[in-house]
Amino acid sequence: MKVIASSVRKGNILEVDGHLCVVLSAESFFPGKGTPTTQIDMRRIADGVKVSQRYKTTEQVERAFVEDIDFSYLYQDGDSYIFMNPESFEQLTVSADVVGDQAVYLQEGMVVKLSIFEGNAVAIELPARVTLEIVETEPTVKGQTASSSYKPAILSNGVRVMVPPHISTGTRIVVQTEDGSYVERAKD
């Protein structure tokens, strides 16, 4: 089905020159003078080659028909990840290059959306936010509440994130999975 270029998002599957491509990033530019454009970085599913194309924002691109199905993450096996369909209990093995750098946010039992094309997972969409615990950060400094400075912290999955000064080791925080940024202190 055809969609306009500006509506393309990360994780979408497009058909470009007869090849299926998964969108890595899509950015729209609106210059003061001239035509607005959308820059789309993609990876060809067949051979893993990265492709970058620029479209006018109103231009039509072909979105491939893929089935988006919810799967539960079970475990990692070498460099592949095992997911289970909660309805049919069917297990699906997904390679590390499909999961990519989002693998650090996978937690056992997490429900993710897998894009299935001809029985194979071609893209993965994680929940927008994930709750993790801080295992290491600098100690809290009293009286440093007015400044909007951030300090580095290491999460339970090994990822480094910048947090406000009032957050201490052992605190559970909510993190944006798209860019790994701090959102808020967890409410649990």
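Just so it is clear, the structure is predicted and the values come from calculations on it, not from any experiment.

What counts, and at which threshold
Residues numbered from 1 in each chain as written. Predicted model: local features only at pLDDT ≥ 70, side-chain atom pairs only at ≥ 80, totals over all residues. Heavy atoms only, no water. Helix = DSSP H or I, 4+ residues; strand = E, 2+ residues; numbered from the N terminus. Contact = heavy atoms within 4.5 Å. Areas by Shrake-Rupley, 256 points an atom, 1.4 Å probe, with all protein chains shown as cover. Lys, Arg positive; Asp, Glu negative; His and termini not counted. Charge placed at Lys NZ, Arg CZ, Asp CG, Glu CD. 1 Å grid on protein atoms, 1.4 Å probe; cavity = no way out; pocket = protein on both sides within 12 Å on 5 of 7 lines; lining within 4 Å. Points joined across faces, edges and corners; volume = space filled by probe spheres on them. Nonpolar A, V, L, I, M, F, W, Y, C, P; charged D, E, K, R; others polar.

Q: How do you make sense of the overall build of the chain when you look at a structure like this?
A: Along its length, the chain carries 1 helix and 16 strands. Dimensions of the chain along its principal axes, counting C-alpha atoms only, are 60 × 55 × 25 Å. When contacts within the chain are restricted to residue pairs at least 6 apart in sequence, those whose partners lie at least 24 apart make up 43%. Counting only carbon and sulfur atoms, one obtains 49% of the accessible surface of the chain, whose full area is about 11,200 Å². Charge separation in the chain, taken as the distance between the mean sites of 18 positive and 26 negative side-chain charges, equals 10 Å.

Q: I'm lost on the layout of surface pockets in this one. Help?
A: The rolling of a water-molecule-sized probe over the atoms marks out the regions of remaining empty space. Volume-wise, the largest pocket comes out at about 760 Å³. Together, 32 residues line the largest pocket, and Lys10, Gly11, Val23, Gln102 and Ile124 are the ones closest to its centre. At the level of elements, strand E3 (19-29), strand E4 (37-44), helix H1 (96-99) and strand E11 (120-125) are the ones that each hand at least two residues to the lining of the largest pocket. Among the residues making up the lining of the largest pocket, the classes are represented as 15 nonpolar, 9 polar and 8 charged.

Geometry only, nothing functional implied.
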